[in-house]
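Letter by letter, the chains look like this.
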Amino acid sequence: MDARVDRLALPVGVIATLATLLVVFYYPVGSVLVGAVRVGGQLSLEPLGAVLGDPFYADRFGFTAYQALLSTVASVLVGLPGAYLLARFEFPGRRFLRSVTILPFVLPSIMVAVGFLAMFGRTGLFNDLLAVVGLGPVELTFTLEIIVLAHAFYNAPLVTRLVTAAWESVDARRVETARTLGASPLVAFRDVVVPQLLPALLTAAVLTFLFTFMSFPIVLALGGLEFATVEVWLFARVQNLALTEAATLGAIETALSLGLIYVYLRFEAMQLGAGGGSRSIDREPLLAGWRSLVDPRRLALLSYGGVVLVLFVGPLASLVVESVTTPEGQFTTDYYAFLLAQQASAATGTVQPVPAITNSLLFAAGALVLALPMGVVVSVVAARETRGSRIAEALLTAPLAVSGIVLGLGMLRTLVFGTELFGHRLTVTGPVAIVAAHAVAGYPFVTRTVTPALSAIDDRLVDAARSLGASRTTALLDVELPLIAAALVAGAAFAVAISIGEFDTTVLLAEGVDSATMPVALERYTGNRSLGPNLGPATAMGTVLLAVTTVSFVVIDRVGGRWER
C-alpha cells in the first residue's frame, strides 16, 4: 500500500496542479491569445494588424518600453550602491537592512502609489519640508519622473539583493591572485569582480524591465491616461467592453513578456553556474575611527543613505502622517472617522472598510490553501532534476510572465462570462474567481522559496531513512519536511502577502462592492475629496492596509527568515 502511495503521490500532485492551472490559468490566458487571431469564429490576423499598424498603439508600446528603460536605469543606479554597502562593509544592523530589502515585494503597489502622492503631491510632506527652508513647491504628480521613482522604490531592492548575493560569492582567492600578479585594486576589481557581478546585474535589469513593462497600479495612480502604458490602456479597453482590442493588446504584451522571461532565464542560468566553492571577500568595518568619517567612499555612502530615506521611508511615513494631518498641518482623526462613516453607510455602491478587510483576509486564506500545495509540487519537480523536469518547471511557472490584467481579462472571457461544456454553461464568479487568481499569482513565490531548500537537502539523509525501512512518504514527512519547514512558512507568508496586496485581477473580477478588497477600497477612496484637497480617506485606508501587510512581513522575517542566506 505504501509503495503504491509512494509511486502515485507525485504524479497525482503534478496532474492536480496542471489541471488546476489548465482551468484557472492556461484556458483563460489561451482565450486571450486566441481572441487576438480570431474574428467571428474564423482565424484572422486582422485584429493584430489593426493594433500593430495603428500609430497610437505603436506610440503606447514605445512609451511603455521607454518608461521601463528609464525605470530600469534608475533602479540600477539606486540599487548598486546598496549592494556595495551590504557586500563590502560590516556594521550593526547590516543583516536587518538586508532582510528589509524584501519588503517592497510584499507591499501593495496601489498603497505605495498613494504613499508617493502623499509624499510628492502639492500638499505632501516633501513640499512641506521644502517650504521650511523657503523652497518649492515642486509638482511631481502625474509626471513621468514620479512613475520612474515609484518603480525604483520597488525594483532597486531587487537589484541590491541579487548583486549583493553575487558580490558575496566572489572568490577572494582570485582577487588575491590578481593582486599578487601586480594588478592594482582597480584593475583587480575590473578584471575579476565585475565579470562575476555582470550576470546578476543583467538578471536584475531584465527582471526590472519586465516588471515595469507590465506595471499597472503605479502608472494608473501616478500617471493616469496621460502617461498610460499598454497595461493601463488594456484595462481601459476592458472597462469600455472593447474585449477583442483588449485581447489583442494582451496577446502582444504577453508575447513580449515571454521573450523577456527567456532572456532572464538565460542570465539566471549564467548566474547559477558562476558560484560554488569560493571564499568570500572579507568585509570592512563601516566605521573604524575618526579617519573613516572623512573617507570619500564612506561619505558617499552616507549621502546615499539620505537618498534611501527620502525614496523608501518617505512615502510610507507620508502615508501615515497624512492620514492624521490636515492640509494646514493640524492633527485630525477625521479621515479615520470617514472610514467609520463609510462602514455605517447604507448607500448603494459604498465600499465599506470592514468587509474589504475581511474579504482580503478570507481571500488570502483561500489562496494559501491552493497556492501552497501547488508551489510545493512544482518545487519537488524542479528539485529532482529528472528528464523533462525543466520543461515541466517552465510550464508550471508560466504565470510569472503574464500580467494580472491579462489573466483577469482571460478569466472574464471564460470563467466569469461562462463556458459551454457538455450542454451546460459553467461559470465561476466573485470570490471563487478572485481566490483562484490570487493562488495563481502566489504559488510561484512559494516555489521560489521552497525549491532552494529542497535542493539543499543531502540525499544521503533520505537514503539512510529509506535503508532503515522508511517508505518514501515517511521519509518525506519525517526527514525532508522538517528541513524545509522554515521555507514553507516563508512561502506561505509570501502567498498571503501577495494575495492581500493583489489589485490587477481583483479590480476586474470584484463584482460590485461585495467582493472588494483593501486595495480596491483604497483605489476607490483615492478620488474622494469630500474632506479637503489632500488624500485623507485614501491615506487612512492605506495605513490600515500597511498595518495588515506589515503583520505578514513580520511573519516572513521572524518565522520564515531563517532560510535566508
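I will try to describe carefully the structure that is included in this document. Quantities reported herein were computed from a predicted structural model and do not represent experimental measurements.

Reading guide: rules and limits
- Residues numbered from 1 in each chain as written.
- Predicted model: local features only at pLDDT ≥ 70, side-chain atom pairs only at ≥ 80, totals over all residues.
- Heavy atoms only, no water.
- Salt bridge = Lys/Arg side-chain N within 4 Å of Asp/Glu carboxyl O.
- Axes fitted to C-alpha atoms, helices over the stretch in contact; angles between N-to-C directions.
- Helix = DSSP H or I, 4+ residues; strand = E, 2+ residues; numbered from the N terminus.
- Parallel < 35°, antiparallel > 145°, perpendicular 65-115°, else oblique.
- Contact = heavy atoms within 4.5 Å.
- Core = buried A, V, L, I, M, F, W, Y, C linked by side-chain atoms within 4.5 Å.
- Buried < 20%, exposed > 50% of the residue type's maximum accessible area, 1.4 Å probe, protein only.

Moving on, we get to the pattern of salt bridges. In total, this model carries 16 salt bridges according to the counting rule given. With a shortest N-O distance of 3.1 Å, R173 and D171 are connected by a salt bridge. Salt-bridge contacts for R425 lead to E420; the nearest nitrogen and oxygen are separated by 3.4 Å. Residues joined in a network through salt bridges with shared partners are R88, E284, D295, R297 and R298.

A word on the packing of helix α14 (residues 334-344) against helix α15 (residues 353-384). In the contact formed by α14 and α15, the axes pass within 7 Å of each other and the chain directions differ by 85°. Relative to α15, the element α14 is oriented roughly perpendicular. Counted together, L339, Q342 and Q343 of α14 and P353, V354 and P355 of α15 form the full contact between these two elements.

Attention shifts here to the nonpolar core. Ranked by size, the top nonpolar core spans 128 residues in total, and within it M111, F116 and L222 carry the most contacts. Looking at this core, the element that brings in the most residues is helix α18 (residues 430-455), giving 12 residues. Beyond its immediate chain neighbours, meaning those up to four positions away, M111 contacts L316, L319, L522, G542, L545 and L546. With 17 residues, the next largest nonpolar core counts A83, W167, A178 and L197 among its residues.

Below, the discussion takes up unusual backbone geometry. The backbone phi angle of F142 is positive, close to 55°, even though this residue is not glycine. For F142, a relative accessible area of 45% gives the class partly exposed. The backbone of L241 shows a phi angle near 60°, a positive value even though the residue is not glycine. Residue position: L241 is located in the loop between α11 (230-239) and α12 (243-274). Among the residues examined, L241 registers a relative accessible area of 64% and is labelled exposed.

Read these as spatial facts, not as claims about activity.
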